[in-house]
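# Examining the three-dimensional arrangement
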Amino acid sequence: MEGDPILTSALQEDQSWKIADRHPGWNFHPGLNESPGGEVLRLPGAPFPLRLEGLTGDSVANLKKRWRTLKGEPAISGGETRLVVVNAGVERFLVRPPVDQRPEEYRSGFASRDHEHLFWSYRFAIYFNEKSNQGKIAICRPESPYLEEAVENTLRIVFAWKALLMGGFLIHSAGIRRAGESYLFFGPSGSGKTTVSGLSPAADVLHDDLCLVVPWRGAYRAMGFPFLGDGRESLPEIQELNPVAGFYRLVQADAEVRAGLEKLPSSRGAAEIIGSLPFVSEHSQARLAALDNIARTVAQVPVFRLKFRRDASFWNAVEAERKVR
Amino acid sequence: MRRNPDAAYKMIDGEAMIVLPGKGVVHVLSPSGSLIWDLLDGSRNLDSIIARVCEEFAVDPQTAGSDARQFLQELEKFQMVAEV
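To start, this report covers the structure provided alongside it.

Rules used in this analysis
Residues numbered from 1 in each chain as written. Chains lettered and ligands numbered in written order. Predicted model: local features only at pLDDT ≥ 70, side-chain atom pairs only at ≥ 80, totals over all residues. Heavy atoms only, no water. Helix = DSSP H or I, 4+ residues; strand = E, 2+ residues; numbered from the N terminus. Contact = heavy atoms within 4.5 Å. Areas by Shrake-Rupley, 256 points an atom, 1.4 Å probe, with all protein chains shown as cover. Buried < 20%, exposed > 50% of the residue type's maximum accessible area, 1.4 Å probe, protein only. Polar contact = N/O pair within 3.5 Å; in protein donor to acceptor, adjacent residues only side chain to side chain. Pairing = 2+ DSSP bridges. Axes fitted to C-alpha atoms, helices over the stretch in contact; angles between N-to-C directions. Parallel < 35°, antiparallel > 145°, perpendicular 65-115°, else oblique. Nonpolar A, V, L, I, M, F, W, Y, C, P; charged D, E, K, R; others polar. Core = buried A, V, L, I, M, F, W, Y, C linked by side-chain atoms within 4.5 Å. Buried area = accessible area lost by both parts, 1.4 Å probe. Salt bridge = Lys/Arg side-chain N within 4 Å of Asp/Glu carboxyl O. Expected span 1.5 Å × (residues − 1). Arc of directions from axis to C-beta.

## Here's the deal with the overall build of chain A
- The helix and strand tally for chain A stands at seven helices and 15 strands.
- The long-range share in chain A, meaning contacts at least 24 apart out of those at least 6 apart in sequence, stands at 71%.
- As displayed, chain A offers around 15,100 Å² of accessible surface, 49% of which is attributable to carbon and sulfur atoms.

Here you go:
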């Protein structure tokens, strides 16, 4: 019956399209040993030492091109993470929602037991053992660009886990280097992160969307996440960890309002930060670790609400506060 | 009534910061709300929780009871608590 509210409601709640989802269990990855290729790539300039195996020659060339600005030693020394790319042997793990279910949310699954983690999305599934520092990336499509995208998505997840284990986190933020410190500007999509980056000298932009924060050598330090984001064509060139001067929650102000800072109580600041973490709200273990890490971070690093117009005047307010702190 | 077991929370400076699964929203509770939240472990009844609120915040039982019931309704609305 047209317009029947009960029928309409039933249609909206139809989740039957998810029936073709395939959730990899703990026995899935151990049985996978065939790789798309035999090439090895060590990632320069990443936060953590990393070795990728099982790549094709084409994928190595493509990844080197994508990561061309990464240079030097990893910022955080320690054991090398070893990730092996293997063929999943299945067409997909998760089904994309039908068109009438849009706007689409990025679908993913996550499971943990002891030191082992599983993460899966549409066409890749990761197994990672934090104790052995090794894992497998099961990919459904070994050709370019799907393989490279699966690798970069994997590194986001693995680096996020490693940051959590170190007492840090990844945060959606614009990171700007100024006088040897990192200033992290965050907020929901459209709040001004890209604008802040655009108003800052390109050479000082750590990243315009995703930064890593970790306690390292006596201070909370930040660096840009070293990979391309969606639709981005250039990588951050700064691959170093600088102490975090502050976290700045961007709030757009009217043109006639002067840029201004309001220091947030620790709990409010922490809440604002956790709202800007990727992956965290969906996965319980990550949520708990992130809450602990952020609580410790905001005890040392201040969080501000920054009323901000789309011009560079916000730096006056930010720097004036930094000088008197 | 008790806290949603899937909720992750952390007390910071006497205020509870709560994240629920699958929701991109973080809840921060007032100090009195945070005390109630912390006590919602399923082992206490509402009267004992109200008594603790009266002890901590110098408020009369009638006001504390009314506020606590209203607060619990809010928590229920956001699926932050469940019946024991």
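The rest of the description comes next.
## A short note on the environment of Val-214 of chain A
Residues and elements named next belong to chain A.
- Positionally, Val-214 belongs in strand β11 (residues 210-216).
- Relative accessible area serves as the criterion here: at 0%, Val-214 is assigned to the buried category.
- Note: C-alpha distance between Val-214 and Lys-162 (52 residues apart in sequence) is 9.7 Å.
- Setting aside residues no more than four positions away along its own chain, Val-214 makes contact with Ile-76, Ala-163, Met-166, Gly-168, Ala-219, Tyr-220, Arg-221 and Leu-241.

## Thoughts on the side chain of Asn-4 of chain B
Residues and elements named next belong to chain B.
- By the element assignment, Asn-4 lies in the loop between β1 (2-3) and β2 (8-12).
- One polar contact links the side chain of Asn-4 to the main-chain amide nitrogen of Asp-6, over a distance of 2.8 Å.
- In this structure, Asn-4 is in contact with Leu-20, Gln-79, Met-80 and Val-81, ignoring residues within four places of it in sequence.

## Let's talk about the sheet that holds strand β2 (residues 50-55) of chain A
Residues and elements named next belong to chain A.
- Strand order across the open sheet formed by seven strands is β1-β2-β3-β7-β6-β5-β4, with mixed pairing between neighbours. Lying at the two open borders of the sheet, with one neighbouring strand each, are β1 (39-42) and β4 (109-113). Adjacent strand axes in the sheet meet at a mean angle of 15° when their direction is disregarded.
- The pairing of β1 with β2 spans four bridges and is antiparallel. The partner of Leu-41 across the bridge, within β2, is Leu-52.

## A look at the packing of helix α1 (residues 31-39) of chain B against helix α3 (residues 61-77) of chain B
Residue and element names in this part refer to chain B.
- α3 packs onto α1 with a crossing angle of 70° between their chain directions and a minimal axis gap of 11 Å. One finds that α1 runs roughly perpendicular with respect to α3. Contacts from Gly-33, Ile-36 and Trp-37 of α1 reach α3 at Ala-68, Phe-71, Leu-72 and Leu-75.
- Split by residue class, the contact of α1 with α3 holds six nonpolar, one polar and no charged.

## Examining the nonpolar core
Residue and element names in this part refer to chain A.
- Membership of the largest hydrophobic core comes to 40 residues, with the highest contact counts inside it found for Leu-43, Leu-55, Trp-67, Val-151 and Phe-159.
- Those elements that provide at least two residues to this core are β2, α2 (57-66), β3 (81-87), β6 (124-129), β7 (134-139), α3 (146-166) and β11.
- A per-element tally of this core places α3 first, with 10 residues.
- Leu-184, Phe-247, Ala-270 and Ala-290 belong to the second largest nonpolar core, which has 29 residues in total.

## Some remarks on the interface of chain B and chain A
- Listed as interface residues are 17 residues of chain B and, on the opposing side, 14 residues of chain A.
- For the pair chain B and chain A, the two sides together bury roughly 1,300 Å², of which 67% comes from carbon and sulfur.
- Three residues, Lys-10, Ile-12 and Met-17 of chain B, lead the burial of chain B against chain A; their summed loss comes to 34% of the area buried on that side.
- Scanning the region where chain B abuts chain A turns up two salt bridges.
- Among the ionic pairs, Lys-10 of chain B bridges to Asp-292 of chain A, the shortest N-O distance being 2.7 Å.
- Counting residues per element, the ones that place at least two in the side of chain B that touches chain A are β2, β3 (15-19) and β4 (26-28) of chain B.

## Some thoughts on the pairing of β2 of chain B
Residues and elements named next belong to chain B.
- The pairing of β2 with β3 spans five bridges and is classified as antiparallel. The residue bridging Ala-8 from the neighbouring strand is Val-19, located in β3.
- A loop of two residues connects β2 with β3, the two strands running antiparallel in sequence, and Asp-13 in this loop sits at a positive phi of about 50°.

## Regarding α3 of chain B
All names here are of chain B.
- Across its 17 residues, α3 extends 24 Å between first and last C-alpha, which sits within 8% of the 24 Å expected from 1.5 Å per residue.
- Turning to α3, its buried residues are Ala-64, Gly-65, Ala-68, Phe-71, Leu-72 and Leu-75. Buried residues in α3, looked at end-on, bunch into an arc of 135°, giving them a common side. Among the exposed residues of α3, those oriented more than 90 degrees off its buried face are Gln-62, Gln-70, Gln-73 and Lys-77.
- Looking at the buried side of α3, the elements it contacts are α1, α2 (46-57) and β5 (81-82).
- One side-chain oxygen of the residue at the start of α3 lies 3.1 Å from the amide nitrogen of Gln-62, identifying that residue as Asp-60.

## Overview of the sheet that holds β2 of chain B
- Taken together, the three strands give an open sheet; going across it, the order is β2-β3-β4 (chain B), and neighbouring strands pair in antiparallel fashion. This sheet does not close on itself; its edge strands, each paired only once, are β2 and β4 of chain B. Each strand axis lies, on average, 20° off the axis of its neighbour in the sheet, ignoring direction.
- Sheet topology places β3 of chain B next to β4 of chain B; three bridges connect them, and they run antiparallel. When the sheet's bridge partners are listed, Val-19 of chain B is paired in β4 of chain B with Val-26 of chain B.
- Packed on one face of the sheet, helix α5 (residues 266-274) of chain A meets β2, β3 and β4 of chain B and runs near 10° to β3 of chain B.

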